[in-house]
Amino acid sequence: MNKQTKDKKLQWWQLSLIGVGCTIGTGFFLGSSLAIESSGPAVVFVFILAAIGTYIVFQALAKMTAEHPEKGSFRSYAKKAYGRWAGFSNGWVYWSSELLIMGSQLTALAIFSQYWFPNLPLWLLSTIFGVLGIGVIFTGVSGFERVENIFAVIKTAAIFMFIVIAALALSGVINGNPSEQTVSMSFDGLFPEGLTGVWAALLYAFYAFGGIEVMGIMANELKNPKDASKSGRVMLILLGIIYVVSLGLALLLITWDKFNADESPFITALSQSDLAFVPHVFNGALIIAGFSTMVASLYAITTILATLSEDGDAPAFFAAKGKRGVPIHSLFLTIGGLCLSILVALLLPEKIFEYLTTAAGLMLLYNWLFILFSYKKLMKLTTADHVKRFVGILLIAAAVSGTLFDSTSRIGFFISLVFLLVIGTITFLMRKRWQQASG
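Residues numbered from 1 in each chain as written. Predicted model: local features only at pLDDT ≥ 70, side-chain atom pairs only at ≥ 80, totals over all residues. Heavy atoms only, no water.

K.L.:
Sorry if this is basic, but what is going on with the overall build of the protein chain here?
P.N.:
Summing up its helical and strand segments, the protein chain has 19 helices and 0 strands in all. A burial count over the protein chain gives 55% of its 439 residues as buried. If you sum the accessible surface of the protein chain, you get close to 18700 Å²; carbon and sulfur atoms cover 67% of it. (Helix = DSSP H or I, 4+ residues; strand = E, 2+ residues; numbered from the N terminus. Buried < 20%, exposed > 50% of the residue type's maximum accessible area, 1.4 Å probe, protein only. Areas by Shrake-Rupley, 256 points an atom, 1.4 Å probe, with all protein chains shown as cover.)

Written out as structure tokens, the structure is:
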């Protein structure tokens, strides 16, 4: 981080708005369709539960940040609480989750683009966006920040545009008459897939809130780090309202069984309006928003690897920086991961988004669990803190176990286990090496 950035101290409300802009992405714009498929109209309750769980994790991270400001955030806290092996494994689990998130976002962008170019294959569209994303990373930190600031405004505006249009359609201003009732208030109407559907959908809702760990890192930029908890609370309330209201309006426009994983639920809902240009405008906004989060993942993967290298948890040459301060060797490995994502899209075009989204969401939640474990180890907790921590662990455990109820998400679960097994094995070998070096 350069001196100019360090000199910028954020107010708590500024961090809240940045968090809203950075968190909204393809996890919500497309991943929410998977949650609707699993749970039906109950998706609204699912997102409320995910918001509660996310807040508990963020509050734990914010309190640790206020008490022990650390550059490495959750990685440093894991290391402080349990030793070097915990910091090492946390860093690589997070790197892996961001790698999978990048693949998920690339696939989502390709799916959005097929709305206009249905005959072009996913892998080709993914390649185009991947190359464009790498181009942004090569512009360096300043270019990345400029692009992200512009895109954050566009994707937030896209959701508000949907809310306004949906409200006009429901009031009869656009279509000429209000829509028929699409949601029954009975138990079967609200929970058409039963409670197991809610259970299975919980992961996708959590995935839409992914990014709070970045907020924990940015909390060091606050004028008063103790405001981090308030900043996160306001951010998650705003995000929860935006998510719940927009999904609720989508479900009021058309019945839940018309949504599918191959299209954003908001495009599906808007396609029913008399304004033929609206879905196209919104789809363009979704592509811009998705590209923003994909570039952010590319940047995160590259930066995390360089940081791991600086801390001695990755080969030293990954820390080497080229022009514009870009960690060039880390970027080359990131490009390799990007190529692998495109190859997977080529081989498994049907269910690739579900596989990657499930695996990415699970890897993220494994880190969140460790945040809660580190929280107990490093902080003195009140009775209320213990209760909230237990609720958070319970909700995350429910999201993880819920993947076993669906054949598609089950594959993503096993993919995440493979990543954990590989990282666990390497951590075990490195731990023996560290012991020998210290002995």
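K.L.:
Please clarify how the packing of aromatic side chains should be interpreted in this entry.
P.N.:
How two aromatic rings sit relative to each other is set out by the distance from centre to centre and by the angle between their planes. The tally for this structure, following the rule as stated, stands at 21 aromatic pairs. With centroids separated by 5.2 Å and ring planes inclined at 45°, the aromatic side chains of phenylalanine 28 and phenylalanine 266 adopt a geometry described as tilted. Taken together, the residues span a long stretch of sequence, with phenylalanine 28 in helix α3 (residues 26-29) and phenylalanine 266 in helix α14 (residues 265-270) at a distance of 238 residues. Comparing phenylalanine 28 with phenylalanine 266, the two get one shared label, buried. An aromatic cluster is defined as three or more aromatic residues linked by ring pairs; in this entry it consists of Phe28, Phe29, Phe47, Phe162, Phe209, Tyr243, Phe266 and Phe282. (Phe/Tyr/Trp six-rings, centres within 6.5 Å; stacked < 30°, edge-to-face > 60°.)

K.L.:
Can you help me understand the packing of helix α15 (residues 277-310) against helix α16 (residues 328-347) in this one?
P.N.:
Each pair of packed helices can be summarised by the angle the axes make with each other and by the distance between the axes. Where α15 contacts α16, the axes come no closer than 9 Å and their chain directions differ by 135°. Here α16 runs oblique to α15, going by the angle between their axes. Seen from above, α15 lies across α16 with right-handed handedness. Of the residues in α16, those in contact with Leu298, Ile301, Thr302, Leu305 and Ala306 of α15 are Ser330, Leu331, Leu333, Thr334 and Leu338. Of the residues assigned to the contact of α15 with α16, the class counts are 7 nonpolar, 3 polar and no charged. (Axes fitted to C-alpha atoms, helices over the stretch in contact; angles between N-to-C directions. Parallel < 35°, antiparallel > 145°, perpendicular 65-115°, else oblique. Left-handed = near helix turned anticlockwise from the far one by under 90°. Contact = heavy atoms within 4.5 Å. Nonpolar A, V, L, I, M, F, W, Y, C, P; charged D, E, K, R; others polar.)

K.L.:
I tried to follow a nonpolar patch on the surface on my own but got confused; where do I start?
P.N.:
Residues Phe45, Ile48, Leu49, Ile52, Val387, Phe390, Val391 and Leu394 make up a contiguous nonpolar surface patch of roughly 680 Å² in combined accessible area. Of all the secondary-structure elements, those providing two or more residues to the nonpolar patch are α5 (43-67) and α18 (383-402). Tracing the backbone shows valine 387 in helix α18. (Patch = residues over 30% accessible without salt bridge, like charges linked within 9 Å, V, L, I, M, F, W, Y side chains within 5 Å. Salt bridge = Lys/Arg side-chain N within 4 Å of Asp/Glu carboxyl O.)

K.L.:
Hey, could you run me through the environment of serine 73 in this one?
P.N.:
Here serine 73 lies in the loop between α5 and α6 (74-82). The spatial distance from the C-alpha of serine 73 to the C-alpha of leucine 61 is 8.0 Å, given a sequence separation of 12 residues.

K.L.:
What am I meant to see in the packing of α5 against helix α11 (residues 194-208) here?
P.N.:
Where α5 contacts α11, the axes come no closer than 8 Å and their chain directions differ by 55°. One way to sum up the angle between α5 and α11 is to call them oblique. Once α5 is placed against α11, the crossing between them reads as right-handed. Contacts between α5 and α11 involve Val46, Phe47, Leu49, Ala50, Gly53 and Thr54 on the former and, on the latter, Val198, Ala201, Leu202, Ala205, Phe206 and Ala208. For the contact of α5 with α11, the residue count by class is 10 nonpolar, 2 polar and no charged.

K.L.:
Please clarify how the pattern of salt bridges should be interpreted in this entry.
P.N.:
Pairing is possible between side chains that carry opposite charge, provided their charged atoms lie close to one another. Going through the model one piece at a time under the given rule, you end up with 3 salt bridges. Where aspartate 385 meets lysine 63, a salt bridge forms, and the shortest distance between an N and an O atom there is 3.0 Å. Of the two residues, aspartate 385 is situated in helix α18 and lysine 63 in helix α5; the sequence distance between them amounts to 322 residues. When its relative accessible area of 8% is taken as the criterion, aspartate 385 is described as buried. One salt bridge connects arginine 75 with aspartate 311, and the closest N-O pair in it is separated by 2.9 Å. Here arginine 75 is found in helix α6, whereas its partner aspartate 311 is found in the loop between α15 and α16, with 236 residues between them in sequence.

K.L.:
Just to check I follow, could you spell out α5 for this structure?
P.N.:
In an α-helix there are 3.6 residues to a turn, and that puts residues three or four apart on one side. A rise of 1.5 Å per residue sets the reference length of α5, with its 25 residues, at 36 Å; its end C-alpha atoms lie 36 Å apart and thus fit the reference within 8%. Burial analysis of α5 places 18 of its 25 residues in the buried class, the great majority of the element. (Expected span 1.5 Å × (residues − 1).)

K.L.:
Could you clarify how one ought to interpret α11 in this entry?
P.N.:
For α11, spanning 15 residues, the distance from its first C-alpha to its last is 22 Å, which sits close to the expected 21 Å at 1.5 Å a residue. Alanine 201 marks where α11 bends most, by close to 35°. Taking burial as the measure, the 15 residues of α11 include 11 buried ones, the bulk of the element. Among the residues of α11, those classed as buried are Gly197, Val198, Ala200, Ala201, Leu202, Leu203, Tyr204, Ala205, Phe206, Tyr207 and Ala208. (Bend = angle between axes of the 7 residues up to and from the residue.)

K.L.:
I'm lost on the nonpolar core in this one. Help?
P.N.:
Ranked by size, the top nonpolar core spans 135 residues in total, and within it Phe47 and Phe162 carry the most contacts. Ignoring anything within four residues of it in the chain, the contact list for phenylalanine 162 reads Ser246, Leu249, Ala250, Leu253, Phe266, Ala269, Leu270 and Phe282. (Core = buried A, V, L, I, M, F, W, Y, C linked by side-chain atoms within 4.5 Å.)

K.L.:
What should I look at first to understand the confidence of the model for the protein chain in this one?
P.N.:
Residues shown with low pLDDT carry predicted positions that ought not to be read at fine detail. In the predicted model, the protein chain carries a mean pLDDT of 82, and the fraction of residues at 70 or more is 88%. The element-level mean pLDDT for the protein chain is lowest in helix α1 (residues 3-7), coming to 45, with α18 highest at 95. Here residues 1-7 is a poorly scored stretch, pLDDT under 50, and it has 5 contacts once near neighbours within four places are set aside; other chains count. (pLDDT = per-residue confidence, 0-100.)

K.L.:
How should the side chain of serine 104 be read in this particular structure?
P.N.:
Note on placement: serine 104 falls in helix α7 (residues 84-113). Using a relative accessible area of 0% as the deciding quantity, one classes serine 104 as buried. A distance of 3.1 Å separates polar atoms of two side chains, one belonging to serine 104 and the other to threonine 357. Leaving out residues up to four positions away in the same chain, serine 104 has contacts with Tyr207, Phe353, Leu356 and Thr357. (Polar contact = N/O pair within 3.5 Å; in protein donor to acceptor, adjacent residues only side chain to side chain.)

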